Amino acid sequence: MPERIRAGESGAIREVVEAYLQQILRAARGAGLDSQRAEDITQATFAVFIEKASQFEGRSHVRTWLFGILYKKIAEARRGLERDRRADDIEEVVERRFKPDGMWSRPPQPVELYGAEVRGFIEECLEFLPTSQRMAFVLREVEEMTTEEICKILEVTSTNLGVLLYRGRSRLREFLEGKGVEGSHGSQL
Amino acid sequence: MDLNCKEVTRHIASDGSVGSGWLYRLQVELHVFLCHKCRRYKKQMQAIGAAARALWKSPKEDAATLDRLQEQILTGVGSKNEDAEE
């Protein structure tokens, strides 16, 4: 397959597009782009893939290569869009939940939300996450990729990936808890 | 060595990038089994992942959109090859 892609064989290119179009579009949407922008980024991703097919060395899986292109495109597109975020203070937010000995001082509260509400809040909260955290979360949870593949796509070490997932998921959990606990104002974000 | 709740939750949320040895993982499992607060934390994290999958794996991308995109992407690919063959 890598040879056929490198040769720009139209059949091979078509096979790749057919195999990964849906996944790439889904990840673009998961990364927080609206439908139109997600379609544009998807097209741009495959345009780069087709243009650079002759350079595909086959050292990584073609899917990893495609998602790597997608991630760079999304990072470019979102650079101007990133909300005026406060410094990422999630570590401090979580820190305050524990006593000095590492045991809970404010343990997780039961979150009472319906499935549809949870999905809505997740979408809302993801808006506030940096692109790298969003992508790490989406590639792991939605695309169910391995650590190795995500690290190649995002060009991070496994330790860095752990930090991205930890911060992203912690932010989501804090947000959901704020929304789901009666009397809370969900002010973490 | 017993793990505390902070270490255990960090391990869970980071997919085990903190302390990845089998003994550490076993200690995490044991702690979660015994600590209902960390058990709730773990369940909430699992629910968040499941909700995200339900959110994006629903068939939002209808077949017509995919067909149209595929056609747009592949426009020129075949003809480029045919040109080369001529």
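Residues numbered from 1 in each chain as written. Chains lettered and ligands numbered in written order. Predicted model: local features only at pLDDT ≥ 70, side-chain atom pairs only at ≥ 80, totals over all residues. Heavy atoms only, no water.

Before going further, it helps to spend a moment on the overall build of chain B. Along chain B, the regular secondary structure elements total five helices and zero strands. Secondary structure of chain B in N-to-C order comes out as α-α-α-α-α. A total of 86 residues make up chain B; the buried ones form 40% of that total. Long-range contacts, defined as pairs at least 24 residues apart, comprise 50% of the intrachain contacts of chain B with a sequence gap of at least 6. Accessible surface for chain B amounts to roughly 5100 Å². Of this, 56% is attributable to carbon and sulfur atoms. (Helix = DSSP H or I, 4+ residues; strand = E, 2+ residues; numbered from the N terminus. Buried < 20%, exposed > 50% of the residue type's maximum accessible area, 1.4 Å probe, protein only. Contact = heavy atoms within 4.5 Å. Areas by Shrake-Rupley, 256 points an atom, 1.4 Å probe, with all protein chains shown as cover.)

Time to look at the packing of aromatic side chains. All names here are of chain A. This model, assessed by the stated rule, comprises six aromatic pairs over all chains. Their ring planes at 90 degrees and their centres at 6.4 Å tell us that Phe-46 and Phe-49 sit as a pair that is edge-to-face. In this pair, Phe-46 and Phe-49 both sit in helix H3 (residues 35–51), three residues apart, roughly one turn of the helix. Assigned by exposure class, Phe-46 and Phe-49 land together as buried. Here the aromatic rings of Phe-121 and Phe-175 are separated by 6.2 Å at their centres, their planes lie at 80 degrees, and the arrangement is edge-to-face. Separated by 54 residues along the polypeptide, Phe-121 in helix H6 (residues 115–126) and Phe-175 in helix H9 (residues 158–180) bring together distant segments of the chain. Assigned by exposure class, Phe-121 and Phe-175 land together as buried. What links up through ring pairs into an aromatic cluster is the set Phe-46, Phe-49, Phe-56 and Trp-65. (Phe/Tyr/Trp six-rings, centres within 6.5 Å; stacked < 30°, edge-to-face > 60°.)

Quick look at the interface of chain B and chain A now. Facing the 39 residues of chain B at the interface are 52 residues of chain A. Counting each side, the surface lost to burial between chain B and chain A is near 4300 Å², with a carbon and sulfur contribution of 64%. Of all residues in chain B, the largest losses of buried area upon contact with chain A belong to Ile-48, Trp-56 and Ile-73 of chain B, amounting jointly to 16% of the total for that side. The shortest N-O distance in the salt bridge between Glu-95 of chain A and Lys-6 of chain B comes to 2.6 Å. Our count for the contact surface shared by chain B and chain A stands at 16 residue pairs in polar contact (both at pLDDT 80 or more). The set of elements that each furnish at least two residues to the side of chain B that touches chain A consists of helix H1 (5–13), helix H3 (36–56), helix H4 (63–74) and helix H5 (77–85) of chain B. If you tally residues by element for the side of chain B that touches chain A, the top one is H3 of chain B, at 14 residues. Counted by class, the side of chain B that touches chain A contains 18 nonpolar, 11 polar and 10 charged residues. (Buried area = accessible area lost by both parts, 1.4 Å probe. Salt bridge = Lys/Arg side-chain N within 4 Å of Asp/Glu carboxyl O. Polar contact = N/O pair within 3.5 Å; in protein donor to acceptor, adjacent residues only side chain to side chain. Nonpolar A, V, L, I, M, F, W, Y, C, P; charged D, E, K, R; others polar.)

Further remarks concern H3 of chain B. For H3 of chain B, spanning 21 residues, the distance from its first C-alpha to its last is 31 Å, which sits close to the expected 30 Å at 1.5 Å a residue. Residues of H3 of chain B that are buried sit in contact with helix H2 (10–30), H6, helix H7 (131–141) and H9 of chain A together with H1 and helix H2 (22–34) of chain B. (Expected span 1.5 Å × (residues − 1).)

Okay, the confidence of the model for chain B next. Residues and elements named next belong to chain B. Per-residue confidence for chain B gives a mean pLDDT of 83, with 78% of residues at or over 70. When pLDDT is averaged over each helix and strand of chain B, the minimum, 52, is found for H5 and the maximum, 95, for H1. Note on residues 80–86: pLDDT under 50 across the span, and three contacts to partners over four residues away in sequence or across chains. (pLDDT = per-residue confidence, 0-100.)

We now examine a nonpolar patch on the surface. A cluster of nonpolar residues, Trp-22, Leu-23 and Leu-26 of chain B, forms a patch on the protein surface that exposes about 370 Å² of accessible area. With respect to the helices, strands and loops of the structure, Leu-26 of chain B is situated in helix H2. (Patch = residues over 30% accessible without salt bridge, like charges linked within 9 Å, V, L, I, M, F, W, Y side chains within 5 Å.)

Right, let's get into the side chain of Thr-65 of chain B. The residue Thr-65 of chain B is located in helix H4 in this model. On the basis of relative accessibility, which here comes to 9%, the residue Thr-65 of chain B falls in the buried class.

Inspection of the entire model under this criterion finds 21 salt bridges over all chains. In this structure, Arg-68 of chain B engages Glu-39 of chain A in a salt bridge whose closest nitrogen and oxygen atoms are separated by 3.1 Å. Of this pair, Arg-68 of chain B sits in helix H4 while Glu-39 of chain A sits in helix H3, placing the two residues on different chains. One salt bridge in this structure joins Glu-91 of chain A and Arg-10 of chain B, with 3.0 Å as the shortest N-O distance. Highlighted residues: Glu-91 of chain A in helix H5 (residues 90–95) and Arg-10 of chain B in helix H1, drawn from two different chains. Overall, the relative accessible area of 23% leaves Glu-91 of chain A in the partly exposed class. Under the relative-accessibility criterion, Arg-10 of chain B is labelled partly exposed at 23%. Put simply, Arg-140, Glu-141 and Arg-169 of chain A together with Asp-15 and Arg-53 of chain B are held in one network by salt bridges that share partners.

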